[in-house]
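So the chains spell out like this:
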Protein chains: 2
Amino acid sequence: MKTIYIKDVPELEGQEVMLYGWVHIKRDHKKVVFIDLRDRSGIVQVVGDEKMAILNSEDVVAIKGIVKKRSENFINPKIKTGTVEIAATDFEVLTKAKTLPFDFGKDKLDLTLPVLLDNRGLTLRHPSISPIFKVQEVVIDSFRNALKNKDFIEFQAPVIISQAAEGGAEVFEIKYFDHKAYLAQSPQFYKQIMVAVFERVFTVNKTLRAEPSVTTRHLTEATTLDAEFGFIDSWLEVMNMAEYTIRFMLEEVYKNCADIVADYGVERIILPEKIPYLKLREAQEIIFKRTGRDNRHEPDLDPEDEREICEWAKEEKASDLVFITHYPVEKRPFYTYEDPDDLGYTLSFDLLGKGIEWMTGGQRMHQYDLLIDNAKKRGINLDNSELYLQAFRYGMPPEGGFSFGSERIVMKILNLANIREASLFPRDMERVDIHLGNANHEQKDKKS
Amino acid sequence: MKTIYIKDVPELEGQEVMLYGWVHIKRDHKKVVFIDLRDRSGIVQVVGDEKMAILNSEDVVAIKGIVKKRSENFINPKIKTGTVEIAATDFEVLTKAKTLPFDFGKDKLDLTLPVLLDNRGLTLRHPSISPIFKVQEVVIDSFRNALKNKDFIEFQAPVIISQAAEGGAEVFEIKYFDHKAYLAQSPQFYKQIMVAVFERVFTVNKTLRAEPSVTTRHLTEATTLDAEFGFIDSWLEVMNMAEYTIRFMLEEVYKNCADIVADYGVERIILPEKIPYLKLREAQEIIFKRTGRDNRHEPDLDPEDEREICEWAKEEKASDLVFITHYPVEKRPFYTYEDPDDLGYTLSFDLLGKGIEWMTGGQRMHQYDLLIDNAKKRGINLDNSELYLQAFRYGMPPEGGFSFGSERIVMKILNLANIREASLFPRDMERVDIHLGNANHEQKDKKS
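Residues numbered from 1 in each chain as written. Chains lettered and ligands numbered in written order. Predicted model: local features only at pLDDT ≥ 70, side-chain atom pairs only at ≥ 80, totals over all residues.

A.B. asks: Talk me through the pairing of strand 5 (residues 84-95) of chain B; I want residue IDs and the actual numbers.
C.D. replies: Inspection of the sheet shows strand 3 (residues 42-48) of chain B paired to strand 5 of chain B by 2 bridges, in the parallel sense. Looking at the pairing, B:Val46 lines up with B:Ile86 of strand 5 of chain B. (Pairing = 2+ DSSP bridges. Helix = DSSP H or I, 4+ residues; strand = E, 2+ residues; numbered from the N terminus.)

A.B. asks: Which residues make up the packing of helix 3 (residues 131-148) of chain A against helix 11 (residues 406-413) of chain A, and what values do they have?
C.D. replies: Residues and elements named next belong to chain A. At their nearest, the axes of helix 3 and helix 11 sit 10 Å apart, and the two run at 125 degrees to each other. In terms of orientation, helix 3 and helix 11 fall into the oblique class. Here helix 3 and helix 11 pass one another in a crossing that is right-handed. Note on element contacts: helix 11 touches helix 3 through Ser-406, Ile-409, Val-410 and Ile-413, opposite Ile-132, Val-135, Gln-136, Val-139 and Ile-140. Here the contact of helix 3 with helix 11 is composed, by residue class, of 7 nonpolar, 2 polar and no charged. (Axes fitted to C-alpha atoms, helices over the stretch in contact; angles between N-to-C directions. Parallel < 35°, antiparallel > 145°, perpendicular 65-115°, else oblique. Left-handed = near helix turned anticlockwise from the far one by under 90°. Contact = placed C-beta atoms within 7 Å. Nonpolar A, V, L, I, M, F, W, Y, C, P; charged D, E, K, R; others polar.)

A.B. asks: For the packing of helix 7 (residues 280-291) of chain A against helix 8 (residues 303-317) of chain A, give the residues involved together with the corresponding values.
C.D. replies: Residues and elements named next belong to chain A. Contact geometry for helix 7 and helix 8: axes closest at 10 Å, N-to-C directions at 85 degrees. In terms of their interaxial angle, helix 7 and helix 8 are classed as roughly perpendicular. Judged by residue contacts, Ala-283, Ile-286, Ile-287, Arg-290 and Thr-291 of helix 7 engage Asp-305, Glu-308, Ile-309 and Trp-312 from helix 8. Taken together, the residues of the contact of helix 7 with helix 8 break down into 5 nonpolar, 1 polar and 3 charged.

A.B. asks: Got a sec to walk through the interface of chain A and chain B? Specific residues and values, please.
C.D. replies: On the side of chain B, 103 residues touch chain A, which itself brings 103 residues to the contact. By residue class, the composition of the side of chain A that touches chain B is 51 nonpolar, 22 polar and 30 charged. Relative to strand 8 (residues 173-176) of chain B, strand 8 (residues 173-176) of chain A runs antiparallel, the two being bridged by 3 bridges. Of the residues in strand 8 of chain B, the one forming a bridge with A:Ile174 is B:Ile174.

A.B. asks: Account for helix 11 (residues 406-413) of chain B, naming residues and giving values.
C.D. replies: All names here are of chain B. Here helix 11 lies mainly inside the structure; 8 of its 8 residues are buried. Within the span of helix 11, buried status applies to Ser-406, Glu-407, Arg-408, Ile-409, Val-410, Met-411, Lys-412 and Ile-413. Looking at the buried side of helix 11, the elements it contacts are helix 3 (131-148), strand 11 (221-230), helix 5 (235-256), strand 14 (348-353), strand 15 (356-364) and strand 16 (399-405). Phi turns positive, to about 55 degrees, at Asn-415, one or two residues after helix 11. (Buried ≥ 20, exposed ≤ 12 C-beta atoms within 10 Å, placed from the backbone.)

A.B. asks: Could you give an account of the domain arrangement of chain A, naming the residues involved and the relevant values?
C.D. replies: Domain annotation of chain A identifies domain 1 (6-95) and domain 2 (131-432). Between the C-alpha centres of domain 1 of chain A and domain 2 of chain A the distance comes to 46 Å. (Domains from an automatic or database assignment.)

A.B. asks: How would you explain the sheet that holds strand 1 (residues 16-29) of chain B if you had to name every residue and give the values?
C.D. replies: Residue and element names in this part refer to chain B. Strand order in this closed barrel of 5 strands is 1-2-3-5-4, and the pairing throughout is mixed. With strand direction ignored, the average angle separating the axes of adjacent strands in the sheet is 55 degrees. The pairing of strand 2 (residues 32-39) with strand 3 spans 7 bridges and is antiparallel. Each bridged residue has a counterpart across the sheet, and for Ile-35 the counterpart in strand 3 is Val-46.

A.B. asks: How would you summarise the relation of the copies chain A and chain B if you had to cite specific residues and measurements?
C.D. replies: The transformation that overlays chain A on chain B combines an axial shift of 0.0 Å with a rotation of 180 degrees, and the residual RMSD is 0.0 Å. Look at the turn and shift together and you get a two-fold axis relating the two. Closest approach to the rotation axis among the C-alpha atoms of chain A is made by A:Ile174, whose C-alpha sits 2.3 Å away. Comparing contact sets, 100% of the residues at the interface of chain A also lie at the interface in chain B, consistent with an isologous, same-surface contact. (Least-squares fit on C-alpha atoms with pLDDT ≥ 70 in both.)

A.B. asks: Tell me about the sheet that holds strand 6 (residues 153-154) of chain A, and please be specific about residues and values.
C.D. replies: All names here are of chain A. Read from one edge of the open sheet, 8 strands run 6-10-11-16-15-14-13-12, paired in mixed fashion. The sheet is open, and its two borders are formed by strand 6 and strand 12 (277-279), each paired with just one other strand. Bridge count between strand 11 (residues 221-230) and strand 16 (residues 399-405): 7 bridges; the pairing is antiparallel. Pairing of Leu-225 across the sheet is with Phe-404, part of strand 16. Running at roughly 5 degrees to strand 11, helix 3 makes contact with strand 6, strand 10 (200-208), strand 11 and strand 16 of the sheet.

A.B. asks: Mind laying out the environment of A:Thr216, listing which residues take part and the relevant values?
C.D. replies: Residue and element names in this part refer to chain A. Within the element layout of this structure, Thr-216 appears in the loop between strand 10 and strand 11. A tally of 13 C-beta atoms within 10 Å means that Thr-216 is categorised as partly exposed. Once the C-alpha coordinates of Thr-216 and Asn-418 are considered, the two residues, 202 residues apart in sequence, prove to be 4.7 Å apart. Apart from the residues within four sequence positions on either side, Thr-216 is in contact with Ala-417, Asn-418 and Ile-419.

A.B. asks: Report on the environment of A:Phe198, specifying residues and quantitative values.
C.D. replies: As for its position among the elements, A:Phe198 is in helix 4 (residues 188-198). Separated by 12 residues in sequence, A:Phe198 and A:Ser186 place their C-alpha atoms 19 Å apart. With residues near it in sequence (within four places) discarded, A:Phe198 still touches A:Ile153, B:Arg40 and B:Ser130.

A.B. asks: Explain the pairing of strand 10 of chain A to me, using residue names and the numbers behind them.
C.D. replies: All names here are of chain A. Counting buried residues along strand 10, 9 of its 9 residues qualify, which places the element largely inside the surrounding structure. Residues of strand 10 alternate between two faces, with Arg-200, Phe-202, Val-204, Lys-206 and Leu-208 on one and Val-201, Thr-203, Asn-205 and Thr-207 on the opposite face, all of them buried. One ladder, built from 2 bridges, connects strand 6 with strand 10; its direction is parallel. Bridging across to strand 10, Glu-154 finds its partner in Phe-202. Taken together, the 9 bridges between strand 10 and strand 11 define a ladder with antiparallel strand orientation. Along strand 11, the bridge assignment pairs Phe-202 with Ala-227.

A.B. asks: Explain unusual backbone geometry to me, using residue names and the numbers behind them.
C.D. replies: Even without a glycine there, the phi angle at A:Phe177 is positive, about 55 degrees. The phi torsion at B:Asp433 lies on the positive side, around 70 degrees, for a residue other than glycine. On the secondary structure map, B:Asp433 appears in the loop between strand 18 (431-432) and strand 19 (434-435). On the basis of neighbour counts, which here come to 26 C-beta atoms within 10 Å, the residue B:Asp433 falls in the buried class.

A.B. asks: Go over the environment of B:Ile260 with me, naming the residues and quoting the values.
C.D. replies: Residue and element names in this part refer to chain B. When you line up the elements, Ile-260 lands in helix 6 (residues 258-264). Since 18 C-beta atoms lie within 10 Å of it, Ile-260 is described here as partly exposed. Each C-alpha atom, one on Ile-260 and one on Ser-128, is 9.4 Å from the other, the two residues being 132 residues apart in sequence. If sequence neighbours within four positions are ignored, Ile-260 has contacts with Pro-131, Lys-134 and Val-135.

A.B. asks: Which residues make up helix 9 (residues 368-377) of chain B, and what values do they have?
C.D. replies: Residue and element names in this part refer to chain B. Every buried residue of helix 9 is listed here: Tyr-368, Leu-371 and Ala-375. On an axial view of helix 9, the arc spanned by its buried residues comes to 65 degrees, and they lie on one face. Exposed residues on helix 9 whose side chains face more than 90 degrees from its buried face are Asp-369, Lys-376 and Lys-377. Contact partners of the buried residues in helix 9: helix 10 (386-393). Within two residues after helix 9, Gly-379 carries a phi angle of roughly 70 degrees, on the positive side. (Arc of directions from axis to C-beta.)

This is how it looks when you write it as structure tokens:
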């Protein structure tokens, strides 16, 4: 069993070690062969004799050798183990790799996005790609820990649902035995049900949306981070909890992934003591004043507005994040609470950061009769949502919650150009691992 | 905002407190009204005047009152706060509940399973039901922590897949834009891909199976706990990691949910220092000797066999769990490693406990050519599984892994009669929240 990771090798100077990993690069100087050996933790140079010439890129190997200090002149500052190298005394090929489709030994993979994704089974292991998903792990885990610190309980929301209740658009349909069923676009109804069970809940879930367009910031399958809690006195408690949560998450990323963020050469997300918040109408007024673009009667911000208001927040409030609140009633789901002091507008918020939406949230209607009336008014069919209705019929406390997209946060922390880079196996209307143009539409029905 | 949970009230004797929760039971004695107030943490008795007579079951209330010690005679040993009661000084109804469909104030809900599930939006909050899902949270979280302790990294596996690669049976089909796609029955291929990225990985996932029968131990949607790791010297390392993991999980449950397990009045799962393991053929021989039932030439254990071998392990090895290994090649997926020392049988194992399967695992073929040959031999179509093939084509270390069903573990820890009780929102061929006989098959296409 493997016991040593490559990153720890510099501490083992003078010792004999057994290393396991992949041949990242081979440099064959005839009598002397150099290998860059890679594992998940890093890369180290191995020096061996001509027998090592049989090794090729991505061969899986076990290498025995002595950890030797490099002389000053030969220190390699580009790798973290650059002060040492391994003088190989023996090696074994565990698995031979086939010839690679492109040069894999570069610091950055110089591939187009389609080629990067067409070869995801290989490209994910490149040292310029895999760290993205260590960041994703920390983002998700720190979301959990932030909320556990506040007495939230994690629950499992379902993927298969019986009704596309928030409107039929962009919902995937399943053949469910002799029935139709759908894939959940969000765990919204379930997290609300769970408020009446555990008061404070969160869930990490796959959410599925039949996004009919290919953009740089939409996926058909995303990992979303949802929280919901009851016994609130005001919608501001919901926004404050959201702020606490994102702040905690960013701190954890910068603490646990400092190396990765440094390697990516990206600036950190800056937060002031309090994230600024303003009503949609105030934001539109600011955008009008700054740019002359008059969207003051639009019910939402368009992508250009989102970028502009983020720039405003950065310049005027020294904040990379900004809350926009009070979206008009018609732009928010039927269960969103209307502000009694600002009729026509909701107790809702979006968190924008670096030009795009990171999170959405708000206070929900907790009174059964109000909820039912509103669903009717909006033409929402709740016939198959009986469990959701029960939760409200039999006593729901005042409550609210919020939802983050994990991929968007990772994308913005690492300043990736396309959200697909922040998803291990990104799905869109043209791709489910493979490009769907190439897919077998009519799969043969074979049994294993 | 709510700051005090009911379970903490006994420590606040003599103080004025603000409590928030649900009216669990009201006992109206005219001049004096007693309320059992419930929140997620417990129940406490509240004593008030006739004004409180307006309260009904499941009303959401805020109650202000003084925590008073009960005299010896009035201590209620049935509730954890039974040494105190709240002398109400004020109260407010936050949300009125409608009349309940059945008596909700009993210690145990006396309902049939269909009624329990038809009313899941209410029944989940009953104090005899909600603790099941605290246990589920600990089961899942302790799985994560067990593996993090061993340097595993969590990743997100997709739900939508382009091919039902392990055989077309029992796979849900999705309308994916102009294509067909499928729901993942397991994250198997993805966790194997991720071994070549992070070496040691785990994932918590929804797995979807079109189970065509209604049994007490199958769901169409389950939360499964998957682990996979590379650079193993032997399949025994995989089985040992699985043993370590389940042992860690059980210890965490018994540490963190001791009260719940005690309240359910169930015996703890007993493990000896080493969980016994035996080959399928050895198990069949034992069953034959014990019962005279001769299934020695069957390729698998049937449910009766599973119960019998669990009883044997309990009686002979003082263990509630037992590993069965070396299933025949034809009973395991095409990627399972054949034992070179026992041809025709695989380096695979199932973990059985209290009569049913808890986990399955084994060593996988890591050599590309072997894997491809075997897929062909078995008639497995990997045309759309290009990423999986890449992971092996370009160097996969020797590896293996295992998979648990979280609901089955919870079911067995709490000795529940039906796996549906261990799922918040159980799905089977007849139910997706509501009974499908009642569903709107043709949903109206409305927009919100």
